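Chain residues, written in single-letter form:
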Amino acid sequence: MALAAKPPLGWNSWNTFSHDINEDLIKETADAMVATGLKDAGYEYIVIDDCWSLRERDKNGRMVVDPEKFPSGMKALADYVHSKGLKFGMYSCAGTHTCAGFPGSLDYEFIDAKTFAEWGVDYLKYDYCNKPRHLDGPTLYRRMAMALRNCGRDILFSACNWGNDNTTEWIRNSGAHMYRSTGDIVDSWQSVKSIALSQMDMEKFSGPYCFNDMDMLIVGMYGKSHNGYIAAGGCTTEEYRTHFSLWAMMNSPLMIGCDIRDMNEDTKKILMNKDILAINQDAEVRTPYWRKEWDEEPETVIHMWKPLENGDYAIGFFNFHDGDCSGRLQFFDMGLPTRCGYGLRLHDIWEDKDLGVFTDRLETVIPAHGCKMFRASLVEL
Ligand code: GAL
């Protein structure tokens, strides 16, 4: 089956829980995915990141699940996740060891792919720590891709080599379904800003069956990671809204990183905003076109738009500056000639308000670190 026709949606344990994972957490997270409405909103993968195994393989070379963290084993846990109508993901690494020092899959790719298939795994995140210098990324990701694509089960392959070794040049033909192109996100505005700005020229390398993964979301974490490095002070609700809108607009996979058993109302409203999710999950997943404001400081306000399947356009304004700024979008740049008898009817998504019909241009004020998101439909005047 062709996987990842649209950006994958789900949850990953790393951002909040780091090494501190266990069976109950995963089960409760699967329960929460259903109870909160996240599943109905489209989120489907529950992914266990690093730190799930013992430090050594068994005598047959198979990875061993940590019996203290996961006493019922991975097959039983996968069955539980599947019983909720969700999909189950795990993690390994292209090197000898994972980033946290557990066994990696180097030279065990085929045996590990088979093991994951037996456990009922639907998604594999594949990291890049501790790999021998003489082996390059393309070779290692091709290997695991071949193993996964022939293991007897559909397993989505989520590559994570942080954009090293010119990832974009070879990742699509390796067989991976999504790929990380930056270092790790942490729970701070600075981190969101630097990842987003670093990806502005990368949109052409992302599309169906192989998406640019801008890293797991920090929405709703508010500095509460169990990992001090990731906690990083947290963000405001406004900053989380901007982060989510950017990732959605840029077609990144949306893998939630907060504790979904304990989300505040703002977090739920962000993660389950139907109009924003529809922009990320549009049938055509077109990449956005983007511009910097011509008369602002460099990298202050960026506006983006992209065509949607039904003829509408998604429009976003993003303010990376520390003060309020105005943004101006000339419809001419989108393809609409001036005085042509058509205008754009705008819906402000976060305000959930119809703004009426605009001709020629849209000018709007965006608060510091904030964003404005619109859905626009062409109308005859
Ligand atoms: C990093 C990766 C993170 C997380 C971590 C686990 O390399 O980028 O997302 O998986 O390893 O140790």
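Here, every reference points to the structure presented above.
Let me sum up the structure you'll find in this document. (Residues numbered from 1 in each chain as written. Predicted model: local features only at pLDDT ≥ 70, side-chain atom pairs only at ≥ 80, totals over all residues. Heavy atoms only, no water.)

**Regarding the site of the ligand**
Now for step 1: All residues adjacent to the ligand are Trp14, Asp49, Asp50, Tyr91, Cys99, Lys125, Asp127, Cys160, Trp162, Arg180, Asp184 and Met216.
Now for step 2: In this structure, Trp162 approaches the ligand through a side-chain N or O atom, which is 3.0 Å from an oxygen atom.
Now for step 3: Here the ligand has 310 Å² of accessible area as a free molecule, and 95% of this is covered by the chains.
Now for step 4: Taken together, the residues that form the shell around the ligand break down as six nonpolar, no polar and six charged. (Near = heavy atom within 4 Å. Polar contact = N/O pair within 3.5 Å; in protein donor to acceptor, adjacent residues only side chain to side chain. Areas by Shrake-Rupley, 256 points an atom, 1.4 Å probe, with all protein chains shown as cover. Nonpolar A, V, L, I, M, F, W, Y, C, P; charged D, E, K, R; others polar.)

**What about the sheet that holds strand S7 (residues 211–213)?**
Now for step 1: Strand order in the open sheet formed by eight strands is S7-S6-S5-S4-S3-S2-S1-S8, with parallel pairing between adjacent strands. Looking along the sheet, the strands with just one partner apiece sit at the ends: S7 and strand S8 (254–256). The average angle at which neighbouring strand axes cross in this sheet is 25°, direction not considered.
Now for step 2: This element, helix H4 (residues 73–83), spans strand S2 (45–47) and strand S3 (87–93) of the sheet and lies at about 140° to S3. (Pairing = 2+ DSSP bridges. Helix = DSSP H or I, 4+ residues; strand = E, 2+ residues; numbered from the N terminus. Axes fitted to C-alpha atoms, helices over the stretch in contact; angles between N-to-C directions. Contact = heavy atoms within 4.5 Å.)

**Regarding the pairing of strand S1 (residues 9–12)**
Now for step 1: Residues Leu9 and Trp11 point to one face of S1 and Gly10 and Asn12 to the other, with burial holding for every one of them.
Now for step 2: In this structure, S1 lies alongside S8, joined through three bridges in parallel fashion. What sits directly across from Leu9, in S8, is Leu254.
Now for step 3: Strand direction decides the pairing type here: S1 and S2, joined by three bridges, are parallel. Within the sheet, the bridge partner assigned to Asn12 lies in S2 and is Val47. (Buried < 20%, exposed > 50% of the residue type's maximum accessible area, 1.4 Å probe, protein only.)

**As for the sheet that holds strand S14 (residues 353–358)**
Now for step 1: Spatial ordering of the open sheet is given by S9-S10-S11-S16-S13-S14, a layout of six strands whose pairing is antiparallel. Only two strands of the sheet have a single partner each, and these edge strands are strand S9 (289–292) and S14. Put simply, the sheet's adjacent strands are angled 20° from each other on average, direction ignored.
Now for step 2: Seen against the sheet, helix H10 (residues 237–249) touches strand S10 (301–307), strand S11 (313–319) and strand S16 (371–380) and runs at an angle of roughly 140° to S11.

**Description of the environment of Gly343**
Now for step 1: Within the secondary structure layout, Gly343 lies in strand S13 (residues 342–348).
Now for step 2: Each C-alpha atom, one on Gly343 and one on Lys39, is 36 Å from the other, the two residues being 304 residues apart in sequence.
Now for step 3: In this structure Gly343 touches Leu336, Val357, Phe358, Thr359, Ser377, Leu378, Val379 and Leu381, once residues within four positions along its chain are discounted.

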